[in-house]
Amino acid sequence: MNIERILIADVLANVEVGAEVTIGGWTRTVRASKGGFSFISLNDGSCMDCIQIVADKALANYESEISHLTTGCSLLIDGVVVESPGKGQRVEMHAKEVRVIGLADAETYPMQAKRHTFEFLRTQAHLRTRTNTFGAVARVRSAMAGLIHDYFQSRGFLYVHTPLITASDCEGAGELFRVTTMDPDAPPRDDAGAIDYSQDFFSRPTYLTVSGQLEAETYACSLGNVYTFGPTFRAENSNTPRHLAEFWMIEPEMAFCDLQTDADLAEDFLKNIFAGILNKCPSDMEFFNKRIDKTVIDTLTHIAESPFERITYTKAIEILEKADCQWQFPPAWGIDLQTEHERYLTEETFKKPVIITDYPSSIKPFYMRLSDDGKTVAAMDVLVPKIGEIIGGAQREERLDVLTERMAAQSMDAEDYWWYTDLRKYGTVPHAGFGLGFERTIQFATGMANIRDVIPYPRTPRSADF
Ligand code: 4AD
Ligand code: MG
């Protein structure tokens, strides 16, 4: 079969009336009229809209095939583009030939043309992209990935592919998925009876990475400005609308850079990609604004236009302590900010994104640069309304002695990280970077409430279907 089809997005937007084209897609609805016509509404995923096709009973397979079509069938249609008499669309098509490629049993097809709950659609993740919402999420996600690459590529950042299998725990939180080929029922043991990892595939314990940062730092410390964009994994048992066990992260890392410049980049970057998505996906964004969250376009527009708030952690705690709220976790200097605190600051206090800097060293990883006060580090988190933390970043500790002290304080063996400390021995430079959670970015841009609905196949505690 030689298939030269054009996309429905193209037909609806560009193709001239009178042109003859071939399209392919899946039926959303099929309606037979009394006058001996069928109206087929076809979607191919290239845009939100379906194209309407009029199929005449004079077509050879009208009785045998076309009149029996139901939702979810795949078709290839040759036809003529004609002006649409209906409102809302420029053109429709008159079919010259309707080739039925695959039928969809109406009794069992799960994606019937009616409203489904997102919970139900998660159980049908292999078909849910045939709905308006999940088609739009997929297009926005793809466009957003493109915008992110464009942002860094056009500013001279080098794209680095950091490893997914690693022996280090960047965040030090112990939320690691182990990677092994050993038999869990009979792992090799040493003389003392302990598991003998020297006999494992990599001759040492290994894990799926929680962050590409440490390796990205090595590239930044020779190539200048770099970024990663890849999957990361966290075995944290958080069943929330904002946590995944497998998520994608964008991590820029810059040499000769301090916390201030790092925060400036984070703000400029977010503004750029949120303005960009409004531009690049106007009809999908209109859909989200109408159906999912009526404030989403205003919010993104506002963010692109006004400066983020910047406050220190100490100031944030002061604000929270004065707030008249029933906290689940009462705020006090030294605690990590919880989602309820982050949302209060962004939604109640400032009503916009907030960059919080200078967190207590005791709640942050070893690599963050210790400040002169001896108790805070040059950390920053970017918080946005509804989501809370979307970015976490820091200026890195570039002083060898301070770094090794902090590693020891967190019971890390500096020997294991010899290559990381080498960067501080040989031509060390101030450097900084951050990590943006890709799914939280898509959540924020679309207004989708649950992170499970913005990644194709979500991995969460007790759930790795598909
Ligand atoms: O704050 P995090 O843990 O920072 C790091 O991993 C640093 N190494 C990044 C860096 O400086 N290069 O994670 C960064 C971001 C968070 O702000 C959040 O948006 C996202 O990653 N994130 C998650 N997204 C979904 N599910 C999870 N379980 C996430 N954990 C973090
Ligand atoms: Mg964080």
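Chemist: Explain the pairing of strand 14 (residues 376-384) here, please?
Modeler: Consecutive side chains of a regular strand alternate in pointing toward one face of the sheet and then the other. With 9 of its 9 residues buried, strand 14 lies for the most part within the structure. For strand 13 (residues 354-360) and strand 14, the ladder comprises 6 bridges, and the chain directions are antiparallel. When the bridges of strand 14 are listed, Thr357 appears paired with Met380. Relative to strand 15 (residues 388-395), strand 14 runs antiparallel, the two being bridged by 6 bridges. Looking at strand 15, one finds that Asp381 is bridged to Gly392. From the end of strand 14 to the start of strand 15, which pair antiparallel, there are 3 residues, and Lys386 there has a positive phi angle of about 75°.

Chemist: Would you explain the site of ligand 1 in this entry?
Modeler: Taken together, the neighbourhood of ligand 1 is formed by 25 residues, with Glu171, Gln213, Arg234, Glu251 and Glu389 sitting nearest. In the model, a nitrogen atom of ligand 1 is placed 3.4 Å from a nitrogen or oxygen of the Phe434 main chain. Elements supplying a minimum of two residues to the shell around ligand 1: strand 11 (246-255), strand 15 and strand 16 (431-437). Take the shell around ligand 1: its biggest share by element is 5 residues, from strand 15. Broken down by class, the residue content of the shell around ligand 1 amounts to 9 nonpolar, 8 polar and 8 charged.

Chemist: Please clarify how a nonpolar patch on the surface should be interpreted in this entry.
Modeler: A cluster of nonpolar side chains, contributed by Leu164, Ile165, Phe201 and Phe202, occupies part of the molecular surface with about 380 Å² of accessible area. Examined against the element boundaries, Phe201 turns out to sit in the loop between strand 8 (178-179) and strand 9 (206-208). We classify Phe201 as exposed; its relative accessible area is 60%.

Chemist: What should I look at first to understand the pattern of salt bridges in this one?
Modeler: Between side chains of opposite charge, a pair can form when the charged atoms approach closely. Inspection of every chain in the model, using the stated rule, returns 21 salt bridges. Where Arg310 meets Asp264, a salt bridge forms, and the shortest distance between an N and an O atom there is 2.9 Å. A residue pair is termed long-range when its members are at least 10 positions apart, and Arg310 in strand 12 (residues 309-312) and Asp264 in helix 5 (residues 259-280) qualify at 46 residues. Among the ionic contacts, a cluster of salt bridges with common partners joins Glu217, Glu253, Arg396 and Arg424.

Chemist: What is the right way to read the nonpolar core from this model?
Modeler: Across soluble globular proteins, you tend to see nonpolar side chains buried next to one another. Residues Ile23, Met144 and Ile277 are the most contacted members of the largest nonpolar core, which totals 87 residues. By residue number, the principal contributor to this core is helix 3 (residues 132-153), which donates 11 residues. In contact with Ile23, not counting residues within four places along its chain, are Arg5, Ile6, Ile8, Val11, Leu42, Ile51, Ile53, Leu75, Leu76, Ile77 and Met93. Counting 28 residues, the second largest nonpolar core, distinct from the first, contains Ile311, Met368, Leu383 and Leu403.

Chemist: What exactly am I supposed to notice about the sheet that holds strand 11 here?
Modeler: Strand-to-strand pairing in sheets goes through backbone hydrogen bonds, with the strands running parallel or antiparallel. With respect to topology, 8 strands assemble into an open sheet ordered 6-10-11-16-15-14-13-12, the strand pairing being mixed. Of all the strands in the sheet, just strand 6 (158-159) and strand 12 have a single pairing partner and so form its edges. Sheet topology note: the strand 11/strand 16 ladder contains 5 bridges and is antiparallel. Its bridge partner lying in strand 16, Ile250 is registered against Leu436. On the sheet, helix 5 packs against strand 11, strand 12, strand 13, strand 14, strand 15 and strand 16 and is oriented at approximately 30° with respect to strand 16. On the sheet, helix 12 (residues 438-446) packs against strand 10 (225-233), strand 11, strand 14, strand 15 and strand 16 and is oriented at approximately 55° with respect to strand 16.

Basis of the calculations
- Residues numbered from 1 in each chain as written.
- Chains lettered and ligands numbered in written order.
- Predicted model: local features only at pLDDT ≥ 70, side-chain atom pairs only at ≥ 80, totals over all residues.
- Heavy atoms only, no water.
- Buried < 20%, exposed > 50% of the residue type's maximum accessible area, 1.4 Å probe, protein only.
- Helix = DSSP H or I, 4+ residues; strand = E, 2+ residues; numbered from the N terminus.
- Pairing = 2+ DSSP bridges.
- Near = heavy atom within 4 Å.
- Polar contact = N/O pair within 3.5 Å; in protein donor to acceptor, adjacent residues only side chain to side chain.
- Nonpolar A, V, L, I, M, F, W, Y, C, P; charged D, E, K, R; others polar.
- Patch = residues over 30% accessible without salt bridge, like charges linked within 9 Å, V, L, I, M, F, W, Y side chains within 5 Å.
- Areas by Shrake-Rupley, 256 points an atom, 1.4 Å probe, with all protein chains shown as cover.
- Salt bridge = Lys/Arg side-chain N within 4 Å of Asp/Glu carboxyl O.
- Core = buried A, V, L, I, M, F, W, Y, C linked by side-chain atoms within 4.5 Å.
- Contact = heavy atoms within 4.5 Å.
- Axes fitted to C-alpha atoms, helices over the stretch in contact; angles between N-to-C directions.

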